[in-house]
Amino acid sequence: MTPLAQVLLDGLFTGASFALMAAGLALILGVVKVVNLSHGAFFTLGAYVAYVLDDRGVGNPFAAVFMAAVIAFAFGVFLGRSFINPVRSHPFSVAVGSLGFAILFEQAAQMIWGPHPISIDLGDPWVALGGVTLRRWGVASFLLSLGLLGGLAFFLSSPWGLPLKLVAEDEEIAGSVGMDVEKIRYLTFGAASAIAAVAGALLAPAIAISPTMGRVPLILSLIVVIASGMEKVWNIFFLAVGLGLLSNLSAYLLAPHWSYLLLLAVICLLLVLRPTGLSATVRGRDY
Amino acid sequence: MKKPGISPYGRIPGALAAAAGVLLLLPLAGLDAYFLNVLTVGFLLAVFAGSWDIAGGLAGQISLGHALFFGTATYTCALLTSLAGLPFPLAAVAALLLSVAAGAAVGVLSAPLKGPFVALLTLALGEAAHEFFLGQTFFSPRGAYSWGGEGGIPVLLRLQPLSPWTAYYAALAFLCFATWAMLRIARSEEGLIWTAISGSELSARASGVDILRHKRRAYVVGAALAGAAGVGFAACVGRATADDFSLELSFQAATFAAVGGRGTIVGPVLAALVLHSLLQGTGIPPAGRVLTYALALLLTLRFFPGGVVGALRERARSRRMVQAKGEAL
């Protein structure tokens, strides 16, 4: 069953990058306390940045990751500062507005790069072990995702992560000890968006790039965030890798569009079975 | 005491009557078939936006999967007329019943959820339906080609093709009737309960309202109206595609409602009509149209959270308060 081993390996690699994206979403949910539906758009943005760079002959994944992170950070800070922060106490405005931003980006991408899926050359196989091929980009993306996740976990547990944790815990106390809560919020939003774009840039060669490609990872990260919390980064990692394996396996065993359907079924089940499961995370407000 | 001339809804009824008069007159003023068609689809979209406002605006449920009910209706019409060979009226009845069933199902699932989680669940349900029908093909009985997905399934009307005039006036009559019905519902006791739930679920529950049952009812009523709009759309366009389930369509309904004024029925209906006719009439490609909707939505949510009608109503209210103060002095 060599193809199966290959599918599992690819699932592990993509799952690691999805974990990165989910960690960003969890950060937004924890610190800004909004359910952000525009996270998938930043993933798509990262993938298109990688595509454009590859198209211009810059094949280095690190260049793509860096560019994607900078651009997404700028857009994320803008969105967080000028839209999410002012409306964040209205659940309707946040949900529909962040979805609106995602759709705005999807339509813009469709106008610039066309509606049809495009792809990046994966590069030559690096190592072939008994029929399972490892590619340079895949290994680099896996290691970089792991490294960034570890960095995030370290950051959150270090003294520098305290402001974020305090804003997440109690914004009034954070404000009264002299922290600029609004600034921490929009910077977190920007950083989390940059993380999503990094995940998109890392996964660009592995999946077809299309304007609506961000929806699958968005749903996957939402599942991860609903099922786990903000602090435990490694829970997020294992859940995302599990879901990545599940979606790759179902695409391999059934048909490609079943992996998205399966993820949607999982999130529906999760929400229906645990209607109050998440309100512990987004607490303190009367919806 | 109520003063003559100032209804709680301001000058809205008069403006509505004037708008209906203009729309009745337009075809006689020599509008060509293309614009008639744009307006006909606009009327149906307006009903769709209004139906979103029942569960989404009045009852305050952030629904992002409203296209599910619309697509259920168009697909039922297409499958029953083209594959099963039923006459269109029978298929239309079945389509309405199925949309109501879909509304009841979505209502049962999402009634216990709150705030953003309603948005997530309805979004996931709508996306699941879209993804399923995008991949699902049906064998056409005539010829060896397949129907479904992006290409769609034809809807057989078995009449001579509708003239643009007939379709226009039928859709306009449907819009007027549906708007009247939705306004009646909004001002009924049920509508009042929905508004209370939207304001605060806790206080509605404290005053003895079974909020789950009333939320489910809101979904059913909204789904029935969306289904009616879908039947009209199927008859008018003659084809049901997977796009009828798309997130873009659900998003448009929420956008029209947010821009027009959530929970006002009239606002979403007018916003849908105006935005659709303006952007479709000027021939902007679909991607640019949805992009413009998204921009309008973000700007409205940021600067006029109540939408156009909400902002007007707020202004009228503050003016009345100033007047009342002046009289008291």
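Residues numbered from 1 in each chain as written. Chains lettered and ligands numbered in written order. Predicted model: local features only at pLDDT ≥ 70, side-chain atom pairs only at ≥ 80, totals over all residues. Heavy atoms only, no water.

**Looking at the overall build of chain B**
Along the backbone of chain B there are 13 helices and four strands. A compact globule built from 329 residues would reach a C-alpha radius of gyration of about 20 Å, and chain B, at 20 Å, matches this within 12%. With respect to the principal axes defined by its C-alpha atoms, chain B has extents near 80 × 50 × 35 Å. Counting the 329 residues in chain B, one finds 52% classified as buried. Put simply, 79% of the contacts in chain B that link residues at least 6 apart link residues at least 24 apart. Of the roughly 14,500 Å² of accessible surface on chain B, a fraction of 69% belongs to carbon and sulfur atoms. Considering chain B, the positive charge centre built from 23 side chains and the negative charge centre built from 14 side chains are found 10 Å apart. (Helix = DSSP H or I, 4+ residues; strand = E, 2+ residues; numbered from the N terminus. Rg over C-alpha atoms; globule rule 2.2 N^0.38 Å. Buried < 20%, exposed > 50% of the residue type's maximum accessible area, 1.4 Å probe, protein only. Contact = heavy atoms within 4.5 Å. Areas by Shrake-Rupley, 256 points an atom, 1.4 Å probe, with all protein chains shown as cover. Lys, Arg positive; Asp, Glu negative; His and termini not counted. Charge placed at Lys NZ, Arg CZ, Asp CG, Glu CD.)

**Digging into the overall build of chain A**
When helices and strands are counted, chain A shows 11 helices and two strands. What you see in chain A, going N to C, is helices and strands ordered as α-α-α-α-β-β-α-α-α-α-α-α-α. Residues classed as buried in chain A amount to 54% of the 287 residues present. The contacts in chain A between residues at least 6 apart in sequence include a share of 78% that link residues at least 24 apart. As presented, chain A carries roughly 11,900 Å² of accessible surface, and 67% of it is formed by carbon and sulfur atoms.

**Section: the confidence of the model for chain A**
Of all residues in chain A, 90% have pLDDT values of 70 or greater, and the mean over the chain is 85. Overall, residues 282-287 of chain A carries pLDDT values under 50, and its contacts beyond four positions in sequence, including any with other chains, amount to 12 contacts. (pLDDT = per-residue confidence, 0-100.)

**Details of the packing of helix α2 (residues 33-58) of chain B against helix α9 (residues 211-237) of chain B**
Residues and elements named next belong to chain B. Closest axis-to-axis distance for the α2/α9 pair is 7 Å, and the angle between their directions is 170°. Taken together, the axis directions place α2 and α9 in an arrangement best described as roughly antiparallel. Facing N37, T40, V41, L44, V47, F48, S51, I54 and A55 of α2, the residues of α9 in contact are A218, Y219, V221, G222, L225, A226, A229, G232, F233 and C236. (Axes fitted to C-alpha atoms, helices over the stretch in contact; angles between N-to-C directions. Parallel < 35°, antiparallel > 145°, perpendicular 65-115°, else oblique.)

**Some points on the interface of chain A and chain B**
Of the residues lining the interface, 38 residues belong to chain A; the matching set on chain B comes to 37 residues. In this assembly, chain A and chain B are joined by two salt bridges. In this structure, the salt-bridge partner of R215 of chain A is E127 of chain B, at a minimum N-O distance of 3.4 Å. Inspection of the region where chain A meets chain B yields four residue pairs in polar contact (both at pLDDT 80 or more). When contributions to the side of chain A that touches chain B are tallied by element, the ones reaching two or more residues are α3 (61-87), α4 (91-113), α9 (215-227) and α11 (256-273) of chain A. (Salt bridge = Lys/Arg side-chain N within 4 Å of Asp/Glu carboxyl O. Polar contact = N/O pair within 3.5 Å; in protein donor to acceptor, adjacent residues only side chain to side chain.)

**A closer look at the environment of C236 of chain B**
Residue and element names in this part refer to chain B. Positionally, C236 belongs in helix α9. The spatial distance from the C-alpha of C236 to the C-alpha of P164 is 9.1 Å, given a sequence separation of 72 residues. Those residues within four positions of C236 in sequence are excluded, and the remaining contacts are N37, T40, V41 and L44.

**As for α2 of chain B**
Residue and element names in this part refer to chain B. Here α2 contains 26 residues, and its C-alpha end-to-end distance of 36 Å stays within 8% of the 38 Å for a straight helix at 1.5 Å per residue. The largest bend along α2 reaches roughly 35° and is located at W52. Burial within α2 is extensive, with 22 of its 26 residues counted as buried. Taken from the residues just after α2, G60 is the one with a positive phi, measuring 70°. (Expected span 1.5 Å × (residues − 1). Bend = angle between axes of the 7 residues up to and from the residue.)

**Comments concerning the side chain of R289 of chain B**
All names here are of chain B. Within the secondary structure layout, R289 lies in helix α12 (residues 286-303). This buried residue, R289, is left without a salt bridge; D243 holds the nearest opposite charge, at 9.1 Å. With residues up to four places along the chain from it excluded, the contact list for R289 reads L279, Q280 and I284.

**Remarks on the nonpolar core**
I209 of chain A together with F43 of chain B are the most contacted members of the largest nonpolar core, which totals 194 residues. At 16 residues, helix α1 (residues 2-32) of chain A tops the list of elements feeding residues into this core. Of all hydrophobic cores here, the second largest spans five residues; its members include I193, I197, A204 and V209 of chain B. (Core = buried A, V, L, I, M, F, W, Y, C linked by side-chain atoms within 4.5 Å.)

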